[in-house]
Amino acid sequence: MNFFEVFGLPRRLAIDVDELQRRFYALARQTHPDFHQAAPPAERVAAEERAAVVNAAYRTLRDPLTRAEYLVRLEEGRTTREGGEARPAAPASLLAEMFEIQEALAEAKAGPLDEAGRAALAAQRDALQHRYAQEIDRVRGALAARWDAATGAERPAALVALKDALATLAYLRTVITDLSDALGEEASGVAHHRH
Amino acid sequence: MSRIIGIDLGTTNSLVAYVDEASGLPRVIPDDEGRALLPSIVAFTPDGLVVGEAARRQLARRPADTVYSIKRLMGRGYDDVKDELRYLPFRVVPADGTVKLVAGGREVTPPEVSAAVLKALKLRAERHFGEPIEKAVITVPAYFNDAQRQATRDAGRIAGLDVVRIVNEPTAASLAYGLQRLQQGVIAVYDLGGGTFDVSILRVDDGVFEVLATNGDTHLGGDDFDRVLVQWLLDDIQTRHHAELARDGLDLAGDAEILQELRLAAEAAKIRLSSEERTTLTLPLGGFTYRRQLTRGDVDRLIEPLVTRTLGPCRRALADAGLQAADIDQVVLVGGSTRVPLVRRRVEELFGKTPHSQLNPDEVVALGAAVQAYILAGGITSMLLLDVTPLSLGIESLGGIVNVLISRNTTIPTSAREMFTTSVDGQTLVDLHVVQGERELVKDCRSLGRFELRIDPMPAGMPKIEVTFLIDANGILQVQAKEQRSGKAASIEVKPTYGLSEAEVERMIEESFTYAEADVETRLLIEARNEADTVLTHVTRALRQGATLVSAEERVAIETALTALRAARDGVDRDRIHEATTAVNRATERLAEAMMDAALKGALGSTRAAELLKERP
């Protein structure tokens with residue numbers, strides 16, 4: 001049973017989050033281990049596993065970004081996330097400017113930053129953060145709508161567009177975190193989505 | 001289902017509570033003298049273990065054998081805590097990924113010390129109900145990691161308790177509030193205790209308490225307030241009394257007894273300043289007395305950086321919940337340190353609303369634990385708590401980078417699966433390293449365990465190793481690994497590389513019966529000796545300062561009474577100790593009066609000795 005099916009929802013990116021929450025609470029009341037405390041051990045374990053699936057499904061679908069990531073996996077027939085590459089590679093569209101940023105980063109790591117170097121790094125980070133926010137809006141908005149509306153023949157292209165955007169986001173997250181680390185600050189607003 | 005009690009195992013104080021079936025409300029169980037709080041202090045004396053108030057009185061007398069704030073060491077490695085060891089008067093040594101302490105001439109683990117506290121609460125509950133109690137819900141800081149949770153569960157087992165649930169303190173508090181005044185909406189629970197800080201953001205909706213995000217600092221609390229205050233006082237004493245210190249040959253920083261007395265005096269002054277604007281701290285030292293006026297402003301300046309440190313976690317929790325401060329409908333204060341006015345002010349500024357503290361901040365967590373216990377026993381079916389895991393969990397992958405399987409703030413129980421493969425041809429051993437934390441690199445996270453999986457030799461990239469994480473409702477992790485391609489799937493459950501093995505826990509359960517808490521008789525004897533010791537110290541000091549104020553005969557009478565008390569104190573006859581103590585008190589009545597007079601006339605350098613005699617019971 002996939003996460004959409006857990007809640008009896010169609011496999012679409014547009015979701016009524018309030019309705020999702022209502023269904024989640026109703027399912028949680030059935031499955032939560034608190035209510036199976038007196039049951040035999042085998043039943044308790046089964047309830048716990050059911051609750052784990054319901055919780056994971058809720059958390060995945062509630063957030064538009066993890067929802068999109070999950071949908072891509074589902075469409076590609078993968079039940080788990082792939083291991084291996086924990087650090088995403090730079091998408092082709094970002095290569096040129098990333099080269100510049102990586103250079104600045106290497107410099108920052110080599111020695112202490114002067115005032116101007118710091119300001120430049122901070123400006124780059126802020127620009128990337130802005131871009132990150134825009135890309136999220138695109139995934140939640142245009143790309144999600146395109147996927148939901150796509151018919152048979154249009155689906156592969158819609159999926160690829162979604163996948164590319166997600167890869168860009170993953171890459172931006174690591175670079176923003178690196179820049180924030182180099183600046184000795186916390187990356188705000190991106191760590192939450194690290195997966 | 002049998003009765004389940006709720007226990008708040010705190011850094012400074014611990015409590016036990018239950019839900020009264022008639023009223024449906026949670027109640028704290030007091031001790032025989034009506035005290036709800038049990039100081040989380042364990043003294044290792046030659047006569048056995050002493051716990052609680054009686055142990056508290058040993059703090060300054062036997063600093064090296066009286067263990068307090070043990071919660072700060074639970075589930076910790078030596079490197080995690082070595083910076084704060086200089087504040088602790090008992091010896092802490094590294095032990096196999098964790099620490100042990102040396103007290104009462106033997107090595108003990110932090111879970112064993114906590115078990116002594118739990119056992120005292122278990123006994124308290126058993127006396128209250130007149131029946132054996134075997135099951136408990138125990139609270140932990142929401143931001144406790146896996147190792148700290150496991151250590152807490154081990155402590156429960158050593159105390160003879162089946163820990164049916166580990167529940168997070170701020171969430172427990174929200175249950176206690178929720179039961180009594182069922183609000184809807186989003187609440188922030190700000191929980192600043194003796195040693196730990198937590199903040200949790202919850203959505204309460206028709207009996208469901210859903211934690212949206214939690215954050216915190218497991219090494220930030222009232223203890224830290226005391227420490228900065230003690231440091232400041234030490235500097236002040238050195239500056240103002242260097243002549244006297246040199247004269248009396250006192251090394252304050254190196255004297256565990258004086259440091260402990262100073263810590264207790266600082267703590268008491270801090271508490272007074274929560275309700276008063278100014279107070280005087282008085283501490284007899286060698287041949288002089290240190291007296292210091294303290295204002296609330298003085299202490300506020302010292303603790304300000306610490307209070308500010310709590311705001312970062314609050315902002316991160318809000319960000320993780322996807323909310324702004326203005327979205328919070330109610331703020332609830334939990335933990336004794338939220339009585340500090342500066343803390344209240346900062347919380348109010350951050351969230352822009354007056355926080356609630358109708359329920360006693362010392363008791364609310366225990367009350368909530370009792371509510372959760374009652375839910376588990378089937379007594380309440382309308383309330384459901386959906387808690388989260390505070391820290392991300394992952395596996396080490398190539399290059400020492402963490403591959404996160406479960407992100408922080410995921411509702412528990414939860415599970416996650418991921419496929420891994422090999423990087424070398426013919427590899428037969430796969431090393432899996434499980435870590436917890438928010439940093440990208442393994443070296444910056446907490447290592448939870450390593451385990452090896454044996455597989456058939458295959459070309460690199462061929463094996464399909466499926467790793468499954470399951471976090472149960474206690475927030476405790478189980479990991480399984482399977483190689484799928486070979487068909488004969490191997491499966492392994494992670495045994496943590498830190499903490500106690502099953503065998504060790506069993507041994508400690510056995511030992512705890514033979515090394516049980518001192519029985520009532522012994523405890524009373526120890527208390528009588530304590531009192532005798534206190535009187536001996538104070539009278540000896542007073543006699544030194546006021547020797548010229550009484551006649552030679554009176555001096556001899558006092559000396560004789562003191563000698564008798566010393567002899568009685570070393571014996572085992574409790575009544576004799578009490579009698580000898582009373583005799584000393586009687587013999588010094590004149591001396592006390594004379595010193596009082598002299599003090600009023602300013603004839604003595606210090607008024608403290610007279611006050612000591614006067615204050616004595």
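Note that the structure is a prediction, hence the values are computed from the model and not measured. Position numbers for residues start from 1 in each chain and track the written sequence from start to end. Chain letters start at A and ligand numbers start at 1, both assigned in the order the entries are written. Per-residue local features of the predicted model are confined to residues with pLDDT of at least 70, and side-chain atom pairs are confined, for both listing and counting, to 80 or more; whole-chain, interface and lining totals are unaffected and use all residues.

Q: I tried to follow the overall build of chain B on my own but got confused; where do I start?
A: Counting from the N terminus, the helices are the DSSP runs of H or I reaching at least four residues and the strands are the DSSP runs of E reaching at least two. Check the secondary structure of chain B and you find 17 helices and 28 strands. Relative to the compact-globule value of 25 Å for 617 residues, chain B shows a C-alpha radius of gyration of 27 Å, a close match. Buried residues are those with 20 or more other C-beta atoms within 10 Å of their own C-beta, exposed residues have 12 or fewer, and partly exposed residues lie in between; C-beta atoms are placed from the backbone. When each of the 617 residues of chain B is scored for burial, the buried share is 50%. We call two residues in contact whenever the C-beta atoms placed from their backbones are within 7 Å. A separation of at least 24 residues holds for 69% of the contacts in chain B among residues at least 6 apart in sequence. The size measure is the radius of gyration over C-alpha atoms, and the globule rule it meets is 2.2 Å times the number of residues to the 0.38 power.

Q: Looking at this structure, how should I read the sheet that holds strand β26 (residues 446-454) of chain B?
A: Sheet strands pair by backbone hydrogen bonding; their relative direction is either parallel or antiparallel. Residue and element names in this part refer to chain B. Two strands form a pair only when DSSP identifies at least two bridges running between them. Read across the sheet, four strands follow the order β22-β21-β25-β26 without closing on themselves; strand pairing throughout is antiparallel. Because the sheet does not close on itself, it has two edges, and the strands there are β22 (401-406) and β26. When the angles between neighbouring strand axes are averaged without regard to direction, this sheet yields 30°. Both strand β21 (residues 393-397) and β22 contribute to a ladder of five bridges, which runs antiparallel. Only the contacting stretch of a helix is used when fitting its axis, a line to C-alpha atoms as for every element, and angles between N-to-C directions run 0 to 180 degrees.

Q: Where do I start with the sheet that holds strand β7 (residues 66-67) of chain B in this structure?
A: All names here are of chain B. Across the sheet, three strands lie side by side as β6-β5-β7; this open sheet has antiparallel pairing. For this open sheet the edge positions go to β6 (48-51) and β7, each flanked by a neighbour on one side alone. Relative to β7, strand β5 (residues 42-45) is paired through two bridges, and the arrangement is antiparallel. What sits directly across from Ala-43, in β7, is Thr-66.

Q: Teacher, can you tell me more about the nonpolar core here?
A: One broad rule of soluble globular proteins: the nonpolar side chains tend to lie buried together. All names here are of chain B. The term nonpolar core refers to a set of buried Ala, Val, Leu, Ile, Met, Phe, Trp, Tyr and Cys residues connected through C-beta atoms within 7 Å. Ile-7, Val-42, Val-137, Ala-176, Ala-366, Ala-369 and Ala-370 are the most contacted members of the largest nonpolar core, which totals 179 residues. With 11 residues, the single largest contributor to this core is helix α11 (residues 364-376). Non-local contacts of Ala-176, meaning those with residues more than four positions away in its chain, are made with Pro-26, Leu-359, Val-364, Leu-367, Gly-368 and Val-371. Formed by 20 residues, the second largest nonpolar core is a distinct cluster that contains Ala-542, Val-550, Val-584 and Ala-592.

Q: Can you walk me through the environment of Phe144(B) in this structure?
A: Residues and elements named next belong to chain B. For Phe-144, the position within the fold is in the loop between β11 (135-140) and α4 (146-158). Sequence spacing of Phe-144 and Arg-62 is 82 residues, and the spatial spacing of their C-alpha atoms is 30 Å. Non-local contacts of Phe-144, meaning those with residues more than four positions away in its chain, are made with Arg-149 and Thr-218.

Q: Where do I start with the packing of helix α2 (residues 17-31) of chain A against helix α3 (residues 41-62) of chain A in this structure?
A: Any two packed helices are characterised by the angle at which their axes cross and by the distance between the axes. All names here are of chain A. With their axes 10 Å apart at the nearest point, α2 and α3 run at an angle of 170° to one another. When the axis of α2 is compared with that of α3, the two are roughly antiparallel. Where α2 approaches α3, its residues Val-17, Leu-20, Phe-24, Leu-27, Ala-28 and Thr-31 are matched on the opposing element by Ala-47, Arg-50, Ala-51, Val-54, Tyr-58, Leu-61 and Arg-62. Charged means Asp, Glu, Lys or Arg here, nonpolar means Ala, Val, Leu, Ile, Met, Phe, Trp, Tyr, Cys or Pro, and polar covers whatever is left, Gly included. In the contact of α2 with α3, the residues fall into 10 nonpolar, one polar and two charged. Convention used here: angles under 35 degrees read as roughly parallel, angles over 145 as roughly antiparallel, angles from 65 to 115 as roughly perpendicular, and any remaining angle as oblique.

Q: Even after reading the chapter, I still don't get the environment of His578(B), so can you show me in this structure?
A: Summarising the element assignment, His578(B) is placed in helix α15 (residues 574-587). Counting along the chain gives 13 residues from His578(B) to Leu565(B), while the straight-line C-alpha distance between them is 8.8 Å.

Q: Any chance you could explain helix α9 (residues 311-321) of chain B here in plain terms?
A: Structural remark: α-helix, 3.6 residues per turn; residues separated by three or four positions point the same way. Residues and elements named next belong to chain B. Every buried residue of α9 is listed here: Cys-314, Arg-316, Ala-317, Leu-318 and Ala-321. Those residues of α9 hidden inside the fold are in contact with β14 (197-205), β15 (208-217) and α10 (341-351). Directly beyond the C-terminal end of α9, a positive phi value near 70° is found at Gly-322.

Q: Can you walk me through the confidence of the model for chain A in this structure?
A: Low pLDDT marks regions whose predicted coordinates should not be analysed in detail. A residue's pLDDT is the predictor's confidence in that residue, given on a scale from 0 to 100. With 89% of its residues at a pLDDT of 70 or more, chain A shows a mean pLDDT of 84. Counting interchain partners and residues more than four positions distant, the pLDDT-below-50 stretch residues 191-195 of chain A has 12 contacts.

Q: Explanation requested: the environment of Gly571(B) in the structure shown.
A: Residue and element names in this part refer to chain B. By the element assignment, Gly-571 lies in the loop between α14 (552-570) and α15. With 12 C-beta atoms packed within 10 Å, Gly-571 lands in the exposed category. Here the alpha-carbon distance between Gly-571 and Asp-20, two residues 551 residues apart in the chain, equals 45 Å.

Q: I'm lost on the packing of helix α4 (residues 64-75) of chain A against helix α7 (residues 155-183) of chain A in this one. Help?
A: Residue and element names in this part refer to chain A. Here α4 crosses α7 at 130°, and the two axes come no closer than 10 Å. Taken together, the axis directions place α4 and α7 in an arrangement best described as oblique. Crossing hand, α4 versus α7: left-handed. Contacts from Ala-68, Glu-69, Val-72 and Glu-75 of α4 reach α7 at Leu-159, Leu-162, Lys-163 and Leu-166. Crossing chirality is assigned from the near helix's rotation relative to the far helix, an anticlockwise turn below a right angle marking it left-handed and a clockwise turn marking it right-handed.

Q: Please explain α11(B) as it appears in this structure.
A: All names here are of chain B. By definition here, a helix of n residues has an expected span of 1.5 Å times n minus one. The end-to-end C-alpha distance of α11, which contains 13 residues, comes to 18 Å, matching closely the 18 Å that a straight helix rising 1.5 Å per residue would cover. The buried fraction of α11 is high, at 13 of 13 residues. Immediately beyond the C-terminal end of α11, within one or two residues, lies Gly-378, with a positive phi of roughly 90°.

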